[in-house]
Amino acid sequence: MARERDRNSQSDHHNERGIELADRGWLDEAAKEFEKAIELDPESAHAHDNLAAVRAEKKEYREAMRLYLRALELAPDDPAAHFHLASFVAAHGLEIAAAGYLEALALDSEYPDAHLNLGIAYADMGKVEDALRELEIAVRLAPDDALARHELASLLMDEGDHRAAIPHLKEAARLEPDGFDAHLDLGICYAQKGFYAEAERAYLRAHELKPDDLLLNYDLATLYALWGRPAEALPPLRRALASDPRKVRAWIAADRAFDALKGTEDFEAALREAAPR
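My aim in this report is to walk through the structure given alongside it, one point at a time.

The rules behind the values
In this numbering scheme, every chain counts its residues from 1 along its sequence in written order. In keeping with the predicted nature of the model, local features appear solely for residues at pLDDT of at least 70, side-chain atom pairs appear and are counted solely at 80 or more, and the whole-chain, interface and lining totals rest on all residues. Only hydrogens and water are removed before side-chain values are computed, so all heavy atoms of the structure are retained for them. Each Phe, Tyr or Trp ring, with Trp reduced to its six-membered ring, pairs with another whose centre is within 6.5 Å; inter-plane angles below 30 degrees give stacked pairs, above 60 give edge-to-face pairs, and intermediate values give tilted ones. Remark: a charge is flagged as sitting over a ring if the NZ atom of Lys or the CZ atom of Arg is within 6 Å of the ring centre and within 35 degrees of the ring normal. By definition, any uninterrupted DSSP run of H or I lasting at least four residues is a helix, any uninterrupted run of E lasting at least two residues is a strand, and each is numbered from the N terminus. Whether two residues touch is decided by their heavy atoms; if any such pair falls within 4.5 Å, the residues are in contact. Whenever a carboxyl oxygen of Asp or Glu lies within 4 Å of a side-chain nitrogen of Lys or Arg, that contact is scored as a salt bridge. Note on exposure labels: buried denotes an accessible area under 20% of the residue type's maximum, exposed denotes more than 50%, and partly exposed covers the range between, all computed with a 1.4 Å probe on protein chains only.

## Details of the packing of aromatic side chains
At step 1: What the rule picks out here adds up to eight aromatic pairs.
At step 2: Taken together, the ring pairs connect Tyr218, Trp251, Phe258 and Phe267 into an aromatic cluster.
At step 3: Between arginine 229 and the ring centre of tryptophan 227, over which it is positioned, the NZ or CZ distance is 4.2 Å.

As structure tokens, this is what we get:
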């Protein structure tokens, strides 16, 4: 028993020394101290937790995750253990996922779903060029995967390249004819490039699938307004206003597309009908 207390005391000493070194930014040295603490007391949740923080700082995310989970296993009633694990996942979840997908691709470089998910992770991380590369590979490896095409098209749209997005959305809509989002985004891209007839066809197909969708109805109204067909703009605009009058009125106020309609009797009546009460 005395020997066990001595080992625990030594473990605490190494743990405290590790904290001092980590605070100074000496991560490698701190890691060695925490490892000694764990060697002396394998049940030390604090040493596992502290070593996890160092591994995370060194971007060794998979090992950090293992250590945080072990700390929680050792101290399931410690709120700090839950907090530290949750904070780590919130801060580094995408990096952990990307590392996992990269390991999968190291084993199988032609794993389309791994390229797809890695591309999505990169996009969420703001690594646009890397995301485009991975999504393009996913489409090349699995050309009949509607999701891969739509994800690539969505990123191209975010980058303002609507023309490049169109063929991928057309194929996604062909592969999944009941896929509302592909038809909606295809309409948006066509409208952005001034292909109004093609945009109308895409929007009307989307309308068949979700007739009450707020964004669809607003975009369809915008299309007709820009196209010089004000009478046809009013029904979808009224549907959009009925869905969320406050939001749509704010959109209209900032949207030059409706300039030609503003002040007309029917347009102003539609706004009055949707005025908050």
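## Quick word on unusual backbone geometry
At step 1: Positive phi is not limited to glycine here, since lysine 59 has a value of about 65°.
At step 2: Within the element layout of this structure, lysine 59 appears in the loop between α3 (45-57) and α4 (61-74).

## Focus: the environment of alanine 30
At step 1: In this structure, alanine 30 sits in helix α2 (residues 27-40).
At step 2: Note: C-alpha distance between alanine 30 and arginine 17 (13 residues apart in sequence) is 7.4 Å.
At step 3: Beyond its immediate chain neighbours, meaning those up to four positions away, alanine 30 contacts Gly18, Leu21, Ala22 and Val54.

## What to know about the pattern of salt bridges
At step 1: Applying the stated rule across the entire model yields 18 salt bridges.
At step 2: Its salt-bridge partner being arginine 229, residue glutamate 200 comes within 3.2 Å of it at the nearest N-O pair. Taken together, the residues glutamate 200 in helix α11 (residues 196-209) and arginine 229 in the loop between α12 (214-226) and α13 (230-243) connect sequence positions 29 residues apart.
At step 3: Of the charged contacts, one joins glutamate 208 and arginine 205 as a salt bridge, the two residues approaching to 2.7 Å between their closest N and O atoms. Within this pair, glutamate 208 and its partner arginine 205 are both found in helix α11, separated by three residues, close to a single helical turn.
At step 4: On the accessibility criterion, glutamate 208 (57% relative accessible area) is exposed.
At step 5: Note on arginine 205: relative accessible area 24%, which makes it partly exposed.
At step 6: It is possible to trace a salt-bridge network through shared partners that takes in Glu35, Arg55 and Glu60.

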